[in-house]
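This is what each chain is made of:
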Amino acid sequence: MADEEYGSFVDWNQMGDLATSSGPTKVDCKDLKEFKQLARQGYWAKNHKLRAQVYQQLIKAIPCRTVTPDAEVYRDLMGNAATKRQSSHLPLPDFVDGNPVPQYCLKAESLTSVHQIISCVAGQLPDISYCPSLPAVTSLLLHFSKDEAQCFENISRILACNEPGKRLLDQTFLSYESGCMTFGDLANKYCTSAHKLIVATAQDVLEVYSDWQRWVLGDLPFSHMVRILDVFLVEGYKILFRVAIALLKFYRKHKAGVQGGQGSQPPQQDSDKVRADIRAFVKGIASVITPDKLLEKAFSIRLFSRKEITLLQLTNERSLQQKGITVSQKRYNQYRVVNTTFCVLRNLLPSFLHGALLRSL
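Keep in mind the model is a prediction, meaning the values are calculated, not measured.

> Tell me what's going on with the nonpolar core, and back it up with residues and numbers.
Within the largest apolar cluster, 115 residues are counted, with the highest numbers of intra-cluster contacts made by Phe183, Ile198, Trp215, Val216, Leu220 and Val243. At 11 residues, helix 12 (residues 238–258) tops the list of elements feeding residues into this core. For this core, the two domains that each supply at least three residues are domain 1 (12–160) and domain 2 (173–333). Once residues within four sequence positions are removed from consideration, Leu220 is found in contact with Tyr104, Trp215, Met225, Ile228, Val243, Leu247, Val282, Ile285 and Leu294.

> Give me helix 12: which residues, what numbers.
Across its 21 residues, helix 12 extends 30 Å between first and last C-alpha, which sits within 8% of the 30 Å expected from 1.5 Å per residue. Within helix 12, 16 of the 21 residues are buried, which leaves the element mostly enclosed by the surrounding structure.

> How would you explain the environment of Leu32 if you had to name every residue and give the values?
Locating Leu32 in the fold gives a position in helix 1 (residues 32–41). Sequence separation of Leu32 and Glu235 is 203 residues, and the distance between their C-alpha atoms is 9.3 Å.

> Lay out the side chain of Ser145 in plain terms, naming residues and giving numbers.
Inspection of the secondary structure puts Ser145 in the loop between helix 5 (134–142) and helix 6 (148–159). Polar contacts involving the side chain of Ser145 include one to the main-chain carbonyl oxygen of Leu141, which spans 2.7 Å. Those residues in contact with Ser145 that sit more than four places away from it in its chain are Glu5, Tyr6, Phe9, Gln150, Cys151 and Asn154.

> Go over the packing of aromatic side chains, please, and point to the residues and values.
Evaluated as defined, the whole model comprises 14 aromatic pairs. On the basis of an interplanar angle of 70° and a centroid distance of 5.1 Å, the ring pair of Tyr55 and Phe144 is categorised as edge-to-face. In this pair, Tyr55 is assigned in helix 2 (residues 48–60) and Phe144 in the loop between helix 5 and helix 6, connecting sequence segments 89 residues apart. Measuring from centroid to centroid gives 5.1 Å for Phe183 and Tyr209, while their planes differ by 85°, and the two rings are edge-to-face. Pair noted here: Phe183 is in helix 7 (residues 173–190) and Tyr209 is in helix 9 (residues 205–209), with a separation of 26 residues, a long-range link. Like Phe183, the residue Tyr209 is buried in the burial classification. Through a chain of ring-to-ring contacts, the aromatic side chains of Phe183, Tyr209, Trp212, Trp215, Tyr237 and Phe241 assemble into a single cluster. Over the aromatic face of Tyr237 sits the side chain of Arg167, whose NZ or CZ is 5.0 Å from the ring centroid. Seen from the ring of Phe250, Lys297 lies directly overhead, with NZ or CZ sitting 5.5 Å from the centre.

> Tell me what's going on with unusual backbone geometry, and back it up with residues and numbers.
A positive phi angle, close to 55°, is found at Asp97, a residue other than glycine. Examined against the element boundaries, Asp97 turns out to sit in the loop between helix 3 (71–78) and helix 4 (110–124). Residue Tyr104 is not a glycine yet carries a positive backbone phi of 50°. Inspection of the secondary structure puts Tyr104 in the loop between helix 3 and helix 4. Overall, the relative accessible area of 13% leaves Tyr104 in the buried class.

> Can you lay out the confidence of the model for the protein chain for me, pointing to particular residues and giving the numbers?
Here the protein chain averages 85 in pLDDT, and 84% of its residues register 70 or above. Note that residues 331–361 has pLDDT below 50 and, in this model, 51 contacts with residues that lie over four places away or in other chains.

> Explain the pattern of salt bridges residue by residue, including any values.
Per the stated rule, a full pass over the model turns up 16 salt bridges. When the shortest N-O distance is used, the salt bridge between Asp211 and Arg275 registers 2.8 Å. On the criterion of sequence distance, the pair formed by Asp211 in the loop between helix 9 and helix 10 (212–219) and Arg275 in helix 13 (residues 271–283) is long-range, its members being 64 residues apart. The two residues Asp211 and Arg275 agree in class, both being buried. Salt bridges here are not isolated pairs; linked through shared partners, they connect Glu207, Asp211, Asp272 and Arg275.

Parameters at a glance
Residues numbered from 1 in each chain as written. Predicted model: local features only at pLDDT ≥ 70, side-chain atom pairs only at ≥ 80, totals over all residues. Heavy atoms only, no water. Core = buried A, V, L, I, M, F, W, Y, C linked by side-chain atoms within 4.5 Å. Buried < 20%, exposed > 50% of the residue type's maximum accessible area, 1.4 Å probe, protein only. Helix = DSSP H or I, 4+ residues; strand = E, 2+ residues; numbered from the N terminus. Domains from an automatic or database assignment. Contact = heavy atoms within 4.5 Å. Expected span 1.5 Å × (residues − 1). Polar contact = N/O pair within 3.5 Å; in protein donor to acceptor, adjacent residues only side chain to side chain. Phe/Tyr/Trp six-rings, centres within 6.5 Å; stacked < 30°, edge-to-face > 60°. Lys NZ or Arg CZ within 6 Å of the ring centre and 35° of its normal. pLDDT = per-residue confidence, 0-100. Salt bridge = Lys/Arg side-chain N within 4 Å of Asp/Glu carboxyl O.

Here it is, written out as structure tokens:
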């Protein structure tokens, strides 16, 4: 079992092999490229205390806004943890869009701590208007925190990151939705067969792709997600795209196996059924795909750069702004029709016309 200092919120009976720390006990590395390689290789993956210490080191190194709330702010606001409301049903802020807190390997009572931390974040960072991934990231980081205050500080630093060109978590509806469109662009380019499957089987492609972050942050088992978090804290937002594309590739392979090879595509169906099918596959992925295999697939995608993601994201943000879509409108049906038409049409056009079609739509 890991040092109690870094595991007081964890239900160790659920941790499986991760409950026994082994492997290296320290990381002597300050070069970013070397850190990236160590993260991808899972250098600290078998030692809970070392992973916790590495997370603190990486998060403290994040460039942040001048005024970023820290652990002392949390302690001043929340007081003695013993006086907190003993309920995991504390209301979450609207900006998480109803996404629940994944328990992962936390104790049941630790969910109360996650709710308290997110509630405090909402009060201290009022400029956040849409961040559905926050419950999952908070739950994950609490596994590796000494107390609630440290977890709050870590979350605050991630949200307050102001490093040019570095993106960590979407915090507005505009950035989140443009990310969904960008994922569709990347799926069409780097995962063509799976994208065609979604276009052929789902009535609303964007409805399906709107879950792409949830596949990674929420649906994946803890053993897989924590390996992704290792890389995320080093490389940022693009790892989420890579893993989601890899999941889509594995899902396509899974569906081909279910259908018995290269037979005809199944009939088009309600998008919610396709969404539920993908999410069920991701939740059960541990039985067929290891964390190493998932990351290997994610990093095998060639010519997948942060620059490309940024350009696509900016183009899609401008497209949404031109339509006047900048805040949540409960899934704005008219836009969905336009975007679904776009997703179908771009499969019929040469790649050099995609950008022109996007701007015209």
